[in-house]
There are 6 protein chains.
Amino acid sequence: FSGPLAFSHAEYARCLEDETAAFDIAILGMPFDTGTTYRPGARFGPYAIRSGSRRQRASQGYTLAWGSNPYASGLKIMDCGDVPTIPFDNALAVDQMAVAYATLLARPLASSTSVWPRGALLAKDGREHPRIISLGGDHTIVLPILRALNKVYGPVSVIHFDAHLDTWNGYPGAVTDQSRITHGTFFYIANEEGLIANSSVHAGIRCKLRGMDDIMNDESVGFHFITSDDIDDHGVASIVERIRKRVGDTPVYLSLDIDVIDPGMAPGTGTPEAGGWTSREVKRIIRGLAGLNFVGADVVEVAPAYDHAEITATAAADIVHDFLTLLMS
Amino acid sequence: FSGPLAFSHAEYARCLEDETAAFDIAILGMPFDTGTTYRPGARFGPYAIRSGSRRQRASQGYTLAWGSNPYASGLKIMDCGDVPTIPFDNALAVDQMAVAYATLLARPLASSTSVWPRGALLAKDGREHPRIISLGGDHTIVLPILRALNKVYGPVSVIHFDAHLDTWNGYPGAVTDQSRITHGTFFYIANEEGLIANSSVHAGIRCKLRGMDDIMNDESVGFHFITSDDIDDHGVASIVERIRKRVGDTPVYLSLDIDVIDPGMAPGTGTPEAGGWTSREVKRIIRGLAGLNFVGADVVEVAPAYDHAEITATAAADIVHDFLTLLMS
Amino acid sequence: FSGPLAFSHAEYARCLEDETAAFDIAILGMPFDTGTTYRPGARFGPYAIRSGSRRQRASQGYTLAWGSNPYASGLKIMDCGDVPTIPFDNALAVDQMAVAYATLLARPLASSTSVWPRGALLAKDGREHPRIISLGGDHTIVLPILRALNKVYGPVSVIHFDAHLDTWNGYPGAVTDQSRITHGTFFYIANEEGLIANSSVHAGIRCKLRGMDDIMNDESVGFHFITSDDIDDHGVASIVERIRKRVGDTPVYLSLDIDVIDPGMAPGTGTPEAGGWTSREVKRIIRGLAGLNFVGADVVEVAPAYDHAEITATAAADIVHDFLTLLMS
Amino acid sequence: FSGPLAFSHAEYARCLEDETAAFDIAILGMPFDTGTTYRPGARFGPYAIRSGSRRQRASQGYTLAWGSNPYASGLKIMDCGDVPTIPFDNALAVDQMAVAYATLLARPLASSTSVWPRGALLAKDGREHPRIISLGGDHTIVLPILRALNKVYGPVSVIHFDAHLDTWNGYPGAVTDQSRITHGTFFYIANEEGLIANSSVHAGIRCKLRGMDDIMNDESVGFHFITSDDIDDHGVASIVERIRKRVGDTPVYLSLDIDVIDPGMAPGTGTPEAGGWTSREVKRIIRGLAGLNFVGADVVEVAPAYDHAEITATAAADIVHDFLTLLMS
Amino acid sequence: FSGPLAFSHAEYARCLEDETAAFDIAILGMPFDTGTTYRPGARFGPYAIRSGSRRQRASQGYTLAWGSNPYASGLKIMDCGDVPTIPFDNALAVDQMAVAYATLLARPLASSTSVWPRGALLAKDGREHPRIISLGGDHTIVLPILRALNKVYGPVSVIHFDAHLDTWNGYPGAVTDQSRITHGTFFYIANEEGLIANSSVHAGIRCKLRGMDDIMNDESVGFHFITSDDIDDHGVASIVERIRKRVGDTPVYLSLDIDVIDPGMAPGTGTPEAGGWTSREVKRIIRGLAGLNFVGADVVEVAPAYDHAEITATAAADIVHDFLTLLMS
Amino acid sequence: FSGPLAFSHAEYARCLEDETAAFDIAILGMPFDTGTTYRPGARFGPYAIRSGSRRQRASQGYTLAWGSNPYASGLKIMDCGDVPTIPFDNALAVDQMAVAYATLLARPLASSTSVWPRGALLAKDGREHPRIISLGGDHTIVLPILRALNKVYGPVSVIHFDAHLDTWNGYPGAVTDQSRITHGTFFYIANEEGLIANSSVHAGIRCKLRGMDDIMNDESVGFHFITSDDIDDHGVASIVERIRKRVGDTPVYLSLDIDVIDPGMAPGTGTPEAGGWTSREVKRIIRGLAGLNFVGADVVEVAPAYDHAEITATAAADIVHDFLTLLMS
Ligand SMILES: [Mn+2]
Ligand SMILES: [Mn+2]
Ligand SMILES: [Mn+2]
Ligand SMILES: [Mn+2]
Ligand SMILES: [Mn+2]
Ligand SMILES: [Mn+2]
Ligand SMILES: [Mn+2]
Ligand SMILES: [Mn+2]
Ligand SMILES: [Mn+2]
Ligand SMILES: [Mn+2]
Ligand SMILES: [Mn+2]
Ligand SMILES: [Mn+2]
């Protein structure tokens, strides 16, 4: 019951300050939540997800569903702590996150042998970079992440699990540059900056929209979408197939907003939408994505003030474990 | 994050007092919960559902599942506030609700053109009446609603989503007339009064019964029933088909007890029963009912004292949005 | 709303002290939780399950799903209260439970006519013994139960609903005999003692493992396993078939860890694992087991400190009702 | 951790049905809450207070503050269960409670020797009657209690701990006889019926009023009042003195609304008012009342849906223990 | 139980847009919380305080402690709704609040006769301005308020109830201008801008400090301080005396951070500190301030996600009622 | 908002394994809770207290009440992590804790100069030993602590803040040696073993007792007691005086059960008793103990499953900060 030093009791280092910290996959907290439009509190998301991982550990990381244990792979998984982010100035905080992410991304692999040869082919510099699993924080954190990834890989496809599109171009009253950067608009800005490949896809969408304009805008940002209802109409296999086809062999970034799960089962989040997927459904779809060229991943929007008995945190930590396995698939 | 003036920030008026308030569809709160057999608190249901609707608004009311936005239809949707109901004398409160409902039902439509031509054919007076979506309160509120509807339409079919039959003929010890009126017996009384057509149907039933007698009694009150397990055995399409066949082209009243959703996902209610439907399943079935001759609808039994992080309220508000769309289908 | 004298307002007696108490099926609380590896609190499980059963009663015990009412069967169902268990010395507590269980098991049936003729054939002494439905308490309580059952029936098959295997052979640091006895190791010890037939089966497994060794160890303890994902891949019918085939016509003990249900819907438990079954799914599988030779059953690991609005307790009480019906099938 | 058979594990009987049940002091639940003006749920008050008493027991009932153990006095303390009250018809329910209370009040003492000789002097029939400690339920229950007491003792003084006066003469809209009976008006009606002596006193008052009219009305109902602020201005000793002087040697009924405690420390109630007393202060004042001619007592308005970790229930159960001691003082 | 249109069911208008809205005292929500250093969520504070005021109403606004009813004074009290504040850009949001506050402050009084003659003497323009009671929001909102007040009154004394000084000159890492503006630094900036008179005072201080430097800095910002312990050492009368002496007959702004109350009694806030005052103590001190030259007031830092059963919201709404009375004293 | 590496972000080491870790004062978690008689969960106490300390840090550790900052004293304060304790075998766990405590106690001071010269005089070996502040865990942990201290100092006086005596000699049914060791009996056993000086004292006592026997037994164990009511009757100064006189200049161990605070303000504990002290009162009494010869201290019985919004954890962490200052007084 010891305090959480690190995700799943993994090795811990403040990698940003400690340049000797060597890893192949980093867990990185981004306690930023001032891009939130409704219920804040995702700044405690990294803390909550680590708490939710307390019953996970490297020695007991084998899952029947995957048939493997990511901690037994030989790769070095390290919890790199949190990025210090200022909660009073979003432009500054976004910069802090971009710099931090880029810094870790530039670190050499811990492994002396090749780990992601396809990743090297996709990188502009032709070498293998570590993978980072980010713990949000609200969804805004993906903007600095995409900025950092862009420097290494150029535009990436995004597989985006969410109840919401997050491709809006701004909220009423957001008249300043800074106020354009939010957890509902970061993909729009990312596309403006050329960070997203036109082979991206949303999964689990069910939010209300302004109308067809939103859908056309979404398309122009680079996304297709799969609704939460599609699982009933078409089934998991079809969803997996559509996602795989869409991203193909491009470099892929995987971003999971915990609100893709139904709020009845994962209440600890800021903008709940009824009619979502179960955690079992989400995990099944994730398993279907094995073998794609993932260059990074995140779980965002975990807001523990609205959680109960750590059910959301447990699900989020479990999904991070799936991501670890997925990155090695 | 502003306080809820009205459901989904719609226009608000105290329509009962303000005769100039014009609407096609009214949202009407009925904060009555003294017909409850177990956990009370649904008196705060209207308040909770409006709170749960704070992230909904007219300008963003388009849903992918329906492909339309009810607020963009040209019809006037208005939140008419709450009926003042006395919590100390159920007979008096039921009268208050019947009078209030009848009053609003008698108001002219706001639209100058025909909205529900089939509705006019079904009405005794041959004219179009507004639709009212009632926010309970406990399920007893349907008795005064059916009384008011009966004066306009005669007996109506009821599509009733609920874990419970609500057709019992009384509880032990209920020796007075007044104590017969409860959230488990209102349909029985409604049938005694000739308010229910023998083409009604329950959906989602899973409560425990006294035995076959309950089923025969239920039949005599005018209902067929679909159990929560039928969705696994027969599927959504079959359930939709059975409901549509059952009510045909009669005038239909739609009543949804939030306990039709599994209490694990919608805990904020008074008489929870394990093994229910998910909100996604309920919403799918609702969509299957498009085009029936609805004359009114309600969501009842939301008791926020037992809710967590507004998950029940969010689901209820979302279903009200579906009802708005459905009434225009 | 009266206080819970007994499960579902059944007849109550402190059967252990009161030798005149006559029953065919006993409900027996085992408020033991000091075998827990993570969140304790299942000592209040019997209390919580009885609270969760307050809306159940004999006169209204008919379920549509089963088409029968266990209280109308003629069998005598009695709530026998709780076994006094010491929370400071697990070896002593396990003995207390074994003695108590054996005591009740040895009691004559209340019914004057034969109830479980097949049960008599399976018993070493050739006579019919009562059935006991135990309310945990943590899962450790199954060890003393199996010890008591063994004296009557010899080794029994176990149908085990759980997210976890519970067949581990010990935790690190458990260097004493007593510390081997836990809610994750009791099956291992039971097998060492020859209490489990090699025809047992887990259902709902999804915990993380140490690797293939755990699976081989599990096999050696006598179990096959069905994962939570199997319901999507193979369906309920296949799961039911596999379970029935596995146990055949052996004497069967049925043990249900409430964590088999997804923690999003049943949060009140100690070691939650994402991706579980819904209560509706669990209840369907249970119904598929009708007609097997059950010699006892339990619901364990209900920890109300982590529950919300009694959703876990309501589900557990509902499952106990299913078990009552199942024992008469 | 066994389920609560009875308050503080005392002997239990359904005294209303079981005429052989003999007692000197009865604990009697009144699960009535349909006289509530705001948050309902006090129907679960008796259940909650019994739950809150689980760590109390006769053998460990000695308190340092009183220097005695009420269970060691030789008097027979019995938990008489709950009065069956209908939640749909307040007039009927009030009758049910009056009849039940009168029934128990008329029972002979269990003790063969004199217990309350002064009580006998005060009773119209000159004999000793049992004392009943009622567990509410909302405050309305005091009306039927006073009706029953009146038949035995004539008008009684009331010592009334509450944030509210409860002497209002009706709520707006309460146009029927039945709707006059509420948890805020019962004292007014009791006075109309001549049940209250003009030597009654409120303690802990801090609610907002309509103005001086309320105070004059309150006076006319028979009360003086002590505000919550008086404890700071005048101290406990002065408060005790004023209460004792006010009631003198009249027969006294003691009624404690749990909202007299600050809602920050006792949140589980329906109409919370900031600025209340602590439980330590309340208990001190109660101890100051030793030796008065108490003819009955209650703790009301415990609504567990708003409680947390049983803090309100624990305080209420503790106060009931004080009342037991007080009745023997 | 109707939804909260307005604080205490007062008259409601969107005064910022509706120039015809006339008032003497305005209630104004400022749902801003992105200046928070720890737990966010005070953006829902205005909503929560209005919810907590639902049991208050003008017709029942007389308090025994004050001996008056602010709604019966003849002054027009109006709920002016919320200032629209952007949650993504603090500099912009602070401007929005300053403009909104100044706008309302400039409105003429509703009363045709003189209300605050001394206020007119203190105002630069020699006329009487309305008073505004602001509902936070985090404490940062006081910076724009002081900016707006300064234009009317010049520097004002501040009576500041808080566990914290809020006079720090910045947080580590706050390297941009915008990031200097926080709920812990706004007084420092206000002093830089000459908005605070050197006759201000904190009450209830108990936070941990960096050392004597903090105290000297605090002094230089214009404050003396009264610790939470001073109430035990010196008593309420002494505290009141010190505050009154300190501010004298200067124009006074009153700001109350709800964390001045002990978090055990008012948990719904962001930066809780053990050892605080009770709500009764806080209310007593407030009453001691009657007759000072108040030019405005606020209650801030109510974060309902951390509240329970609305105990914090109820206390906050009660204090706002005290402020209404105080402004008329 | 970073995860808690250590109490108040202090330096962290697993001191038990890391012999190079040097400290003067160690914070040591003891996540043991299987000695609990009622609500378990204190095993998460160390985790909760560290979480509750997240807003504390060395650089901001100056308190007005003490006028000093313990982290600025030059002494080395280190969080030494948790003792691994087995939850299945209390005898084994108690040994684990005794060995761990003794190990750290034997470590040399980090400071090169004398820190506690009087401590050296009291120690059998005449040298200065580090001080350890233990984070419980249930109160049983004090038995192994006293065993370890005894080897260094011989019998020590105990200042014991608690609602309960914890000097009972056993619970009914505790027939084995192991089951004698509980959170209510550890002082009795400690006295049997000669670990407690007959100059010990309880403060805050208010639990119910078996009678005068308990008091005489308590006296024989070595304690005087101060009740929670004594603060009203005699005041803080008197309480402080009695404690100081009682322990004199003996070596003193300070143990604080969080249930000494009223459960209304600190609900996160296992055996709540109404009528306790406020955190402000407790902290005041602690300050009165400055200058005694403390040889160690603890805060125990924090059970976060029953806490709300970390109010109990915040109070506990704040008290640990007071203890750090006290140890340097
Ligand atoms: Mn989202
Ligand atoms: Mn998102
Ligand atoms: Mn219903
Ligand atoms: Mn229902
Ligand atoms: Mn399990
Ligand atoms: Mn298990
Ligand atoms: Mn009352
Ligand atoms: Mn009251
Ligand atoms: Mn503050
Ligand atoms: Mn502040
Ligand atoms: Mn204690
Ligand atoms: Mn203790």
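Higher on the page you've got the structure.
The model shown is predicted, which means the values in this text are computed figures rather than measured ones.

**Q** Hey, could you run me through the overall build of chain A in this one?
**A** Within chain A, the secondary structure is distributed over ten helices and nine strands. Its C-alpha atoms give chain A a radius of gyration of 18 Å, near enough to 20 Å, the size a compact globule of 329 residues would have. With the principal axes as the frame, chain A shows a C-alpha extent of 50 × 40 × 40 Å. In chain A, buried positions account for 71% of the 329 residues. Counting contacts in chain A only where the partners sit at least 6 residues apart, residues at least 24 apart contribute 78% of the total. Accessible surface, chain A: about 9,100 Å² in total, of which carbon and sulfur atoms supply 52%.

**Q** Can you help me understand the relation of the copies chain A and chain C in this one?
**A** What connects the two chain copies is a rotation about an axis and a shift along it. Overlaying chain A on chain C yields an RMSD of 0.0 Å, the required transformation being a rotation through 120° with an accompanying axial translation of 0.0 Å. A rotation of that kind, with that shift, is consistent with a three-fold axis. The rotation axis passes nearest to the C-alpha of A:M265 in chain A, at a distance of 3.5 Å. Each copy contacts the other with its own distinct surface, as only 12% of the interface residues of chain A are interface residues in chain C too.

**Q** Help me out: how do you make sense of the interface of chain A and chain C in this one?
**A** Size of an interface, as often reported, equals the accessible area lost when the parts are brought together. On the side of chain C, 37 residues touch chain A, which itself brings 26 residues to the contact. For the interface between chain A and chain C, the tally reads 18 residue pairs in polar contact (both at pLDDT 80 or more). Broken down by secondary-structure element, the contributors of at least two residues to the side of chain A that touches chain C are α9 (279-287) and α10 (311-327) of chain A. Per-element tally for the side of chain A that touches chain C: the top contributor is α10(A), with five residues. Of the residues belonging to the side of chain A that touches chain C, the class tally is eight nonpolar, eleven polar and seven charged.

**Q** So what exactly am I meant to see when it comes to the coordination of the manganese ion (ligand 11) here?
**A** Residue and element names in this part refer to chain F. Each protein donor to the manganese ion (ligand 11) is listed here as D162 (OD), H164 (ND1), D257 (OD), D259 (OD) and D259 (OD); together their distances run 2.0 to 2.7 Å. Of note, the manganese ion (ligand 11) draws all its donor residues from one chain, in the sequence arrangement D-x1-H-x92-D-x1-D. For the pair the manganese ion (ligand 11) and the manganese ion (ligand 12), the metal-to-metal distance amounts to 3.2 Å, and D162 bridges them. Residue D162 shares its accessibility class with H164, and that shared class is buried.

**Q** It is not clear to me how the arrangement of the chains should be interpreted in this structure. Could you clarify?
**A** Regarding chain A and chain D, which are not in contact, the minimum distance between any of their C-alpha atoms is 14 Å. Nowhere do chain B and chain F come into contact; their C-alpha atoms are at least 14 Å apart.

**Q** What should I look at first to understand the sheet that holds strand β7 (residues 223-227) of chain F in this one?
**A** Neighbouring strands of a sheet are bound in pairs by backbone hydrogen bonds; such pairs are parallel or else antiparallel. All names here are of chain F. Strand order in the open sheet formed by nine strands is β1-β3-β2-β4-β9-β8-β5-β6-β7, with parallel pairing between adjacent strands. With one partner strand each, in any of the chains shown, β1 (11-12) and β7 form the two edges of the open sheet. Pairing between β1 and strand β3 (residues 77-82): two bridges, direction parallel. In the sheet register, E11 faces β3, and the bridge partner there is M78.

**Q** Which parts of the structure should I look at to understand unusual backbone geometry?
**A** Negative phi characterises most residues that are not glycine, and trans characterises most peptide bonds. Residues and elements named next belong to chain A. Cis geometry marks the peptide bond from G136 to G137, where omega comes out at 10°. Here G137 shows up in the loop between β4 (131-136) and α4 (142-153). The backbone of S8 sits at a positive phi, close to 55°, despite the residue not being glycine. Tracing the sequence through the fold places S8 in the segment before β1 (11-12).

**Q** Mind showing me how you'd approach the nonpolar core here?
**A** Where a protein is soluble and globular, its nonpolar side chains tend to be buried together. Core analysis: the biggest nonpolar cluster contains 163 residues, and D:I159, D:F161, E:I159, E:F161, F:I159 and F:F161 have the highest contact counts within it. Once residues within four sequence positions are removed from consideration, F:F161 is found in contact with F:A203, F:L254, F:S255, F:L256, F:D257, F:V260, F:W277, F:I285, F:I286 and F:L289. If you look at the next biggest cluster of nonpolar residues, it comprises 162 residues, including A:W66, A:A316, B:L109 and C:F161.

**Q** Just checking my understanding: could you explain the state of the cysteines for this structure?
**A** Note on terminology: a disulfide is the covalent bond linking the sulfur atoms of two cysteines. All names here are of chain B. Considering all chains together, one arrives at six disulfides over all chains under this definition. Disulfide pairing places C15 opposite C80 at an S-S distance of 2.1 Å. Taking the sign of the torsion about the S-S bond as the criterion, the disulfide between C15 and C80, at about -75°, is left-handed. Of the two residues, C15 is situated in the loop between β1 (11-12) and β2 (25-30) and C80 in strand β3 (residues 77-82); the sequence distance between them amounts to 65 residues. Residue C15 is classed as buried on the basis of its relative accessible area, which comes to 0%.

**Q** Help me understand the packing of helix α9 (residues 279-287) of chain B against helix α10 (residues 311-327) of chain B in this model?
**A** The packing of two helices is summarised by the inter-axis angle and the distance between the axes. Residue and element names in this part refer to chain B. Where α9 contacts α10, the two axes come as close as 10 Å, and the packing angle between them is 10°. By the angle class used here, α9 and α10 are roughly parallel. Here V282, K283 and I286 of α9 lie close against α10, whose contacting residues are D318, I319, D322, F323 and L326. For the contact of α9 with α10, the residue count by class is five nonpolar, no polar and three charged.

**Q** Mind showing me how you'd approach the environment of C:T85 here?
**A** Residue and element names in this part refer to chain C. Summarising the element assignment, T85 is placed in the loop between β3 (77-82) and α2 (90-106). Each residue touching T85, except ones within four places of it in the same chain, is listed here: P31, F32, A93, Q96 and M97. At a separation of 3.4 Å, a polar atom in the side chain of T85 contacts the main-chain carbonyl oxygen of P31.

**Q** Help me understand the coordination of the manganese ion (ligand 3) in this model?
**A** Any two of four tetrahedral donors ideally make an angle of 109.5 degrees at the metal, while pairs among six octahedral donors ideally make 90 or 180 degrees. Residue and element names in this part refer to chain B. Protein-derived ligands of the manganese ion (ligand 3) are H139 (ND1), D162 (OD), D166 (OD) and D257 (OD), with the metal-ligand distances lying across 2.1 to 2.2 Å. Site description for the manganese ion (ligand 3): donor spacing in sequence, H-x22-D-x3-D-x90-D. In this structure, the manganese ion (ligand 3) lies 3.2 Å away from the manganese ion (ligand 4), the two metals sharing D162 as a donor. In this pair, H139 sits in the loop between β4 (131-136) and α4 (142-153) while D166 sits in the loop between β5 (157-161) and α5 (186-192), placing the two residues 27 residues apart along the sequence.

**Q** Would you take a moment to explain the relation of the copies chain E and chain A for this structure?
**A** Aligned on chain A, chain E shows an RMSD of 0.0 Å; the corresponding rotation is 180° and the shift along the axis is 0.0 Å. Expressed as a symmetry operation, the mapping of one chain copy onto the other fits a two-fold axis.

**Q** Before we go on, may I ask you to explain the pairing of strand β7 (residues 223-227) of chain B in this structure?
**A** Sheet faces and side chains relate simply in a regular strand, where the side chains alternate between the two faces. All names here are of chain B. In terms of strand pairing, strand β6 (residues 200-205) meets β7 through five bridges, oriented parallel. Each bridged residue has a counterpart across the sheet, and for I205 the counterpart in β7 is T227. After leaving β6, the chain enters helix α6 (residues 212-221) and then returns to the sheet as β7, a path that is right-handed.

**Q** Please clarify how the interface of chain E and chain A should be interpreted in this entry.
**A** On the chain A side, the residues contacting the 29 residues of chain E number 29 residues. In total, about 2,000 Å² of surface goes out of reach between chain E and chain A, with carbon and sulfur atoms giving 64% of it. For the chain E face of the interface with chain A, the top three residues by lost area are E:P40, E:F44 and E:F88, together amounting to 31%. On the surface where chain E and chain A come into contact, there are zero salt bridges.

What counts, and at which threshold
- Residues numbered from 1 in each chain as written.
- Chains lettered and ligands numbered in written order.
- Predicted model: local features only at pLDDT ≥ 70, side-chain atom pairs only at ≥ 80, totals over all residues.
- Heavy atoms only, no water.
- Helix = DSSP H or I, 4+ residues; strand = E, 2+ residues; numbered from the N terminus.
- Rg over C-alpha atoms; globule rule 2.2 N^0.38 Å.
- Buried < 20%, exposed > 50% of the residue type's maximum accessible area, 1.4 Å probe, protein only.
- Contact = heavy atoms within 4.5 Å.
- Areas by Shrake-Rupley, 256 points an atom, 1.4 Å probe, with all protein chains shown as cover.
- Least-squares fit on C-alpha atoms with pLDDT ≥ 70 in both.
- Polar contact = N/O pair within 3.5 Å; in protein donor to acceptor, adjacent residues only side chain to side chain.
- Nonpolar A, V, L, I, M, F, W, Y, C, P; charged D, E, K, R; others polar.
- Donors = N, O, S within 2.8 Å, 3.2 Å for Na, K, Ca; no water.
- Pairing = 2+ DSSP bridges.
- Core = buried A, V, L, I, M, F, W, Y, C linked by side-chain atoms within 4.5 Å.
- Disulfide = S-S within 2.5 Å.
- Axes fitted to C-alpha atoms, helices over the stretch in contact; angles between N-to-C directions.
- Parallel < 35°, antiparallel > 145°, perpendicular 65-115°, else oblique.
- Right-handed = clockwise from strand over helix to strand, strands pointing away.
- Buried area = accessible area lost by both parts, 1.4 Å probe.
- Salt bridge = Lys/Arg side-chain N within 4 Å of Asp/Glu carboxyl O.

The quantities given are spatial measurements derived from coordinates; they are silent on function.
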